Amino acid sequence: MAFAAPAYAQNSEGNSVTSPTSPPTAEKRDYSYTHHGITISDPYHWLKDQSYPTIDDEDVLDHLKAENAWFETRMAPQQALVDELYEEMKARVKEDDSTVPQRRGEWLYWSEFEEGKEYRKHYRKPVSGGDPVLILDENGMAEGHDYFRLGAFSISQDGRYLAYSTDTNGSERYTARIKDLETGELLADEIPGIRTNLTWVANDKALVYGEANENWRTLNAKVHYLGTPASEDIEIYTEADESFGVGTGLSAQEDWLIIGTGDNETSEVRLVRADDPTGEQILVSPRIKGREYDVDVRDGTLYIHTNDDHVNFRLATASLDNPGDWTTLIAGSDEFYLDGFELFKDFYVTEGRLRGLDQIQLRSYADPNLVKPVAFTEASFSTGLSNNPEYDQDRLRLSYASMVTPDSVYDYHVATGELELLKQQEIPSGYDPNLYEVERIEIAARDGTMIPVSIVSRKDREQGGPLHLYAYGAYGFAYPPSFSTTRLSLVDRGYAFAIAHIRGGDDLGRNWYLQGKLNERTNTFNDFVDVAKGLIAKGYTQQGKISASGGSAGGELMGVVVNTNPELWGAVVAHVPFVDVLSTMLDKDLPLTPGEWPEWGNPIESKQAFAYILSYSPYDQVVAQDYPPLLVTAGLNDPRVTYWEPAKWVAKLRELKTDDNELLLKTNMGAGHGGKSGRFASIYEVAEEYAFILWQMGEAD
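The shown structure was predicted, so the numbers you read here are calculated from the model rather than taken from an experiment.

Here is what the cut-offs are and how they apply
Residues numbered from 1 in each chain as written. Predicted model: local features only at pLDDT ≥ 70, side-chain atom pairs only at ≥ 80, totals over all residues. Heavy atoms only, no water. Salt bridge = Lys/Arg side-chain N within 4 Å of Asp/Glu carboxyl O. Helix = DSSP H or I, 4+ residues; strand = E, 2+ residues; numbered from the N terminus. Buried < 20%, exposed > 50% of the residue type's maximum accessible area, 1.4 Å probe, protein only. Expected span 1.5 Å × (residues − 1). Phe/Tyr/Trp six-rings, centres within 6.5 Å; stacked < 30°, edge-to-face > 60°. Pairing = 2+ DSSP bridges. Axes fitted to C-alpha atoms, helices over the stretch in contact; angles between N-to-C directions. Polar contact = N/O pair within 3.5 Å; in protein donor to acceptor, adjacent residues only side chain to side chain. Core = buried A, V, L, I, M, F, W, Y, C linked by side-chain atoms within 4.5 Å. Contact = heavy atoms within 4.5 Å.

### Some details on the pattern of salt bridges
Think of it this way: side chains of opposite charge can pair up when their charged atoms draw near.
Then step 1. A complete count under the given rule lists 48 salt bridges for this structure.
Then step 2. For R521, the salt bridge identified is with E556, shortest N-O distance 2.6 Å. Here E556 lies in helix α7 (residues 553-564) and R521 lies in the loop between α5 (510-514) and α6 (522-537), a separation of 35 residues in the sequence. There is no split in this pair, since R521 and E556 are both buried.
Then step 3. The salt bridge partner of D659 is K657, with a shortest N-O separation of 2.7 Å. Pair check on accessibility: D659 and K657 agree, each one buried.

In structure tokens, the structure reads:
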């Protein structure tokens, strides 16, 4: 299947225009705001459409289209390289691929890609035997849409119904529909504007979901009974704190509906009988600021995963009669970071990290001291529980990958401890893992903290050659040292690819996260810079031969490090970057701002938070200096990092930077936070990114 590059050189009516000969210059318009006695000038504030979330200001749209036209013009001479990269990346994709079937009830479920298709088809067949039945075709649903994403996908407990949700513009407002799998027909039911999963309750007669309000916040849980209009859905929980979000799910035995609410540091859980979702609810324990907990239920016993007495969490139990009285089952540990658990009929599983490496541990209900770890031997890897929908399991489905081992699916046989490889990602164009090596090293940050770094390269790579450095570093998300077929296009051209496991993620435990948030946020940026300098000092690369990339909060990271250490980077790519941090955290009406204050601080209430965020906010810290070549992306419909953040940042960079290096902004006019949908469209965007890097690093042919 051929994938054509989109034509961005258009005016506001969508008509083709002559390719520009110079980059667009955004008009400066007087605007300022004052907080805590400090006045900030923001001459590019007008790039935020004042009718947002409607975006119809012609000046704004014309500017974004002009930037897209400049992107197309500057990238046009690299089109052959983009095409070359795209074709080699595409050749590593098994086009007619499928997932490993998994049992739920009396059916086996799986999905398939057909050759040339962007999206999946979903199938099932009886466990007892029979022909596959197509139950959902994403390709058909995507027809006529520039963007398509499947959200929830939920099979009723009796296997009769499929509830699913779709987003066709990237705004993350999904519409839910229900399909009768016995007849193949859609029910008349339609639930618009949801942002959550769909949970079957009331003996498969109803669904529980959360809706997105006008600010994209999910502050409720509602019950929809089949055959009734969405306007009659019953709200069973309403959250009063606008900084919290609400989600639902079922307990391990599917007899309790679990309603959770919380922000990035505080949580609260309620339980209600799944067969009576509008009935009386049990509050497990009232919220306490800074305390997180999540809950499951087995045979009337509550299992509570919480950080109440140890930063790395403990696992406790309680009774339904006294749900707030918690007794430790697994104590918190300085060494082992307990980040989750899952209950099964005859055993339970804990997951976490030991010395930064993923751990899966089987545990006995009868003997808390009996622990069976699932062992893997590589120096750096990513693993975890995969799709295990049944409570009574004698084998566990696991996922596994490393930076040289392709994505793998295993069944772990509980009785014997055998790991059975069911499938490993196939690379049609060929892949020899023996050509590559992985290292996991540590580099000292400026405060003496040792930062882990995972590095993959070819064994024949020239010492001191180009290196690509990636990191995220926020929200306690540990970026995994996993496999990537697209990454090979850099590695096979002599690059080392390094992942810096910087603070702000929880790679080395919960404290690792806490040391990169709020008033310690700058540790994240310093760690990344210090890793780059350490890699130079150790001879892995040289100053100016490092390319770097990051997205969202990782894009904020890119914005900071090009301000503080522009000389280190040969090329930088910032995807949907969160760069206007101060202005966004001051706007409580933006979709996600109140829920973000525990992560970044609340500059509305705190002068100290205001000053600290101002000290690193990339947009506010742009100065007159040389900057490295930059490629910046945005999504017009992105509710997470709104399009104007990267647009304003690029406008200010164009005004102040003192170099002639490339500065390109590409805005996806019909997509959101994740960029284009579809497997080939997303690969094409990676090809554009890598072509930009190779071009700017002098590695293009």
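So much for the structure itself; the text now carries on.
### Section: α6
Then step 1. For α6, spanning 16 residues, the distance from its first C-alpha to its last is 22 Å, which sits close to the expected 22 Å at 1.5 Å a residue.
Then step 2. All buried positions along α6 are accounted for by N523, T524, F525, D527, F528, V529, D530, V531, A532, G534 and L535.
Then step 3. Once α6 finishes, G539 follows within two positions and takes phi at roughly 85°, a positive value.

### Quick notes on the environment of V576
Then step 1. Note on placement: V576 falls in the loop between β36 (569-575) and α8 (581-585).
Then step 2. Residue classification places V576 among the buried residues on the basis of a relative accessible area of 8%.
Then step 3. Along the sequence, V576 and V632 sit 56 residues apart, while their C-alpha atoms lie 7.2 Å from each other.

### A few points about the packing of aromatic side chains
Then step 1. Applying the stated rule across the entire model yields 29 aromatic pairs.
Then step 2. Pairing Y161 with W200 gives two aromatic rings, centres 5.9 Å apart and planes at 20°, and the pair type is stacked. Of this pair, Y161 sits in strand β8 (residues 161-167) while W200 sits in strand β11 (residues 199-201), placing them 39 residues apart in sequence. Of the two residues examined, Y161 and W200, each falls in the buried class.
Then step 3. Ring centres 5.3 Å apart and planes at 70° place the aromatic pair Y431 and F483 in the edge-to-face group.

### A closer look at the sheet that holds strand β21 (residues 314-319)
Then step 1. In space, the 4 strands of this open sheet follow the order β19-β20-β21-β22, with antiparallel pairing throughout. Every interior strand has two partners, whereas the edge strands, β19 (293-298) and β22 (327-330), have only one. Each strand of the sheet is rotated relative to its neighbour by a mean of 30°, with strand direction disregarded.
Then step 2. Pairing geometry for β21 and β22, over 3 bridges, is antiparallel. Within β22, the residue paired with T317 across the bridge is T327.

### Considering the pairing of strand β13 (residues 220-225)
Then step 1. Of all the 6 residues making up β13, 5 are buried; the element is thus mostly covered by neighbouring parts of the structure.
Then step 2. Sheet analysis places strand β12 (residues 206-209) next to β13, joined by 4 bridges and oriented antiparallel. Residue pairing in the sheet places V208 in a bridge with V223 of β13.
Then step 3. Across 4 bridges, the pairing between β13 and strand β14 (residues 234-238) is antiparallel. Looking across to β14, one finds that N220 is bridged to T238.

### Things to note about the side chain of D358
Then step 1. Here D358 lies in strand β25 (residues 357-363).
Then step 2. Judged by its relative accessible area of 17%, D358 is buried.
Then step 3. A polar contact is formed between the side chain of D358 and the side chain of R353, at a distance of 3.3 Å.
Then step 4. Within the local environment of D358, its side chain forms a polar contact with the backbone nitrogen of T383, the two atoms lying 3.0 Å apart.

### Some remarks on the nonpolar core
Then step 1. Ranked by size, the top nonpolar core spans 78 residues in total, and within it L469, F528, L535, W569 and W649 carry the most contacts.
Then step 2. In this structure F528 touches L469, Y470, A471, A500, I502, A548, L557, M558, V561 and W569, once residues within four positions along its chain are discounted.
Then step 3. The next biggest cluster of nonpolar side chains, apart from the first, holds 38 residues, and it includes M403, A687, A691 and I693.

### A few points about the pairing of strand β1 (residues 32-35)
Then step 1. Examined bridge by bridge, β1 and strand β2 (residues 38-41) share 4 bridges and lie antiparallel to one another. Residue pairing for β2: S32 is matched across the bridge by S41.
Then step 2. What sits between β1 and β2 in their antiparallel hairpin is a turn of 2 residues, with H36 showing a positive phi close to 55°.

Purely geometric numbers; function is a separate question.
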